[in-house]
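# Descriptive structure summary
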Amino acid sequence: MHNILLIEDDLDMQTLIRDYLENYELHVEAFTKPKEALAHLENHSDKYSLVVLDLMLPQMDGFDVCKKIRQISAIPIIISSARGEISDKILGFDLGADDYLAKPYEPRELVLRINAILRRGTSKNKTINNFEIDEDKHEIKIDGLTLDLTKIEYDILHLFLFNIGKVLSRESISNAVCGIEYSSKDRTIDMHISNLRQKLGDDSKDPQYIKSIWGIGYKFIG
């Protein structure tokens, strides 16, 4: 079952969308306040397959929310809004939305759009900067060359690539990657990062990819 993050402040619309999507085995977690949704997504970006985003929201304009989501994650975004002008659609796509559905619409159409995007996402490799991710084979290439990674190294690099520019604590890395138990006195995560740096040809003193953040953890900058 895919997890969908819904940001919609109209409670009737929120309930309609959630109930309809869950009939098609799409689990929905809904938020009315965009700042809460962004904070949640920032800490659980790997949990969700897609975001459905309204534009007319409290606290923040929906376009600003779209921009913030794209800074956090490469997760697909469908804008669901009563603002149906072509200028709004162009801006939405410019800010990184994958689809734009103008209200009112039949909920079935939203399901079709979601499924089309999810099929697209699973039918081809993902490319981020000079990295190519094959999630079926659990392989990552850099500049066309396949990296010889352990499962944990693959999971850590995968996490970094979908959180470029974000500082990740050792504890958050441990929580996101199966097989690593975190302790403040344990250097296991640092060992895996060191091995990963070697395979990337990265220099910890002058990093191109993985930057150490003193007292916290790491940030992927490549």
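Residues numbered from 1 in each chain as written. Predicted model: local features only at pLDDT ≥ 70, side-chain atom pairs only at ≥ 80, totals over all residues. Heavy atoms only, no water.

## Considerations on the sheet that holds strand β3 (residues 50-53)
Ordered by their spatial adjacency, five strands build an open sheet running β2-β1-β3-β4-β5, and the pairing between neighbours is parallel. Bordering the open sheet on either side are β2 (26-31) and β5 (99-102), each of which pairs with just one other strand. Averaged over all adjacent pairs, the angle separating strand axes in this sheet is 20°, with direction ignored. Sheet analysis places β3 next to strand β4 (residues 77-81), joined by three bridges and oriented parallel. Bridge assignment links Val52 to a residue of β4, and that residue is Ile78. Against the sheet, helix α1 (residues 11-23) engages β1 (2-7), β2 and β4, with an angle of about 165° to β2. (Pairing = 2+ DSSP bridges. Helix = DSSP H or I, 4+ residues; strand = E, 2+ residues; numbered from the N terminus. Axes fitted to C-alpha atoms, helices over the stretch in contact; angles between N-to-C directions. Contact = heavy atoms within 4.5 Å.)

## Some details on the sheet that holds strand β9 (residues 145-146)
For sheets, the rule is that strands pair by backbone hydrogen bonds, running either parallel or antiparallel. Strands sit in the order β6-β7-β8-β9 across an open sheet of four strands; the sheet is antiparallel. If you trace the sheet from one side to the other, it starts and ends with β6 (126-128) and β9, each paired once. In this structure, strand β7 (residues 131-134) lies alongside strand β8 (residues 139-142), joined through four bridges in antiparallel fashion. The residue bridging Glu132 from the neighbouring strand is Lys141, located in β8.

## Concerning the domain arrangement of the protein
Examined at the domain level, the protein breaks down into domain 1 (2-121) and domain 2 (125-220). Spacing between the C-alpha centres of domain 1 and domain 2 amounts to 28 Å. Contact with domain 1, which involves nine residues of that partner, is made by six residues of domain 2. Both faces considered, domain 1 and domain 2 share a buried interface measuring about 510 Å² in area, 34% of it formed by carbon and sulfur atoms. Looking at the side of domain 1 facing domain 2, the largest losses of area belong to Glu42, Asp46 and Ala74, adding up to 57% of the total buried there. Here domain 1 and domain 2 share zero salt bridges between them. (Domains from an automatic or database assignment. Buried area = accessible area lost by both parts, 1.4 Å probe. Salt bridge = Lys/Arg side-chain N within 4 Å of Asp/Glu carboxyl O.)

## A look at the pattern of salt bridges
According to the stated counting rule, one finds 12 salt bridges in the structure shown. Among the salt bridges present, the one from Lys151 reaches Asp155, with a minimum N-O distance of 2.8 Å. Here Lys151 pairs with Asp155, and both are found in helix α6 (residues 151-161), just four residues apart, close to one helical turn. Taking the relative accessible area as the measure of exposure, Asp155 reaches 16% and is therefore buried. Across the pair Arg170 and Asp190 runs a salt bridge whose closest N-O atoms are separated by 2.9 Å. Pair noted here: Arg170 is in helix α7 (residues 170-176) and Asp190 is in helix α8 (residues 188-200), with a separation of 20 residues, a long-range link. (Buried < 20%, exposed > 50% of the residue type's maximum accessible area, 1.4 Å probe, protein only.)

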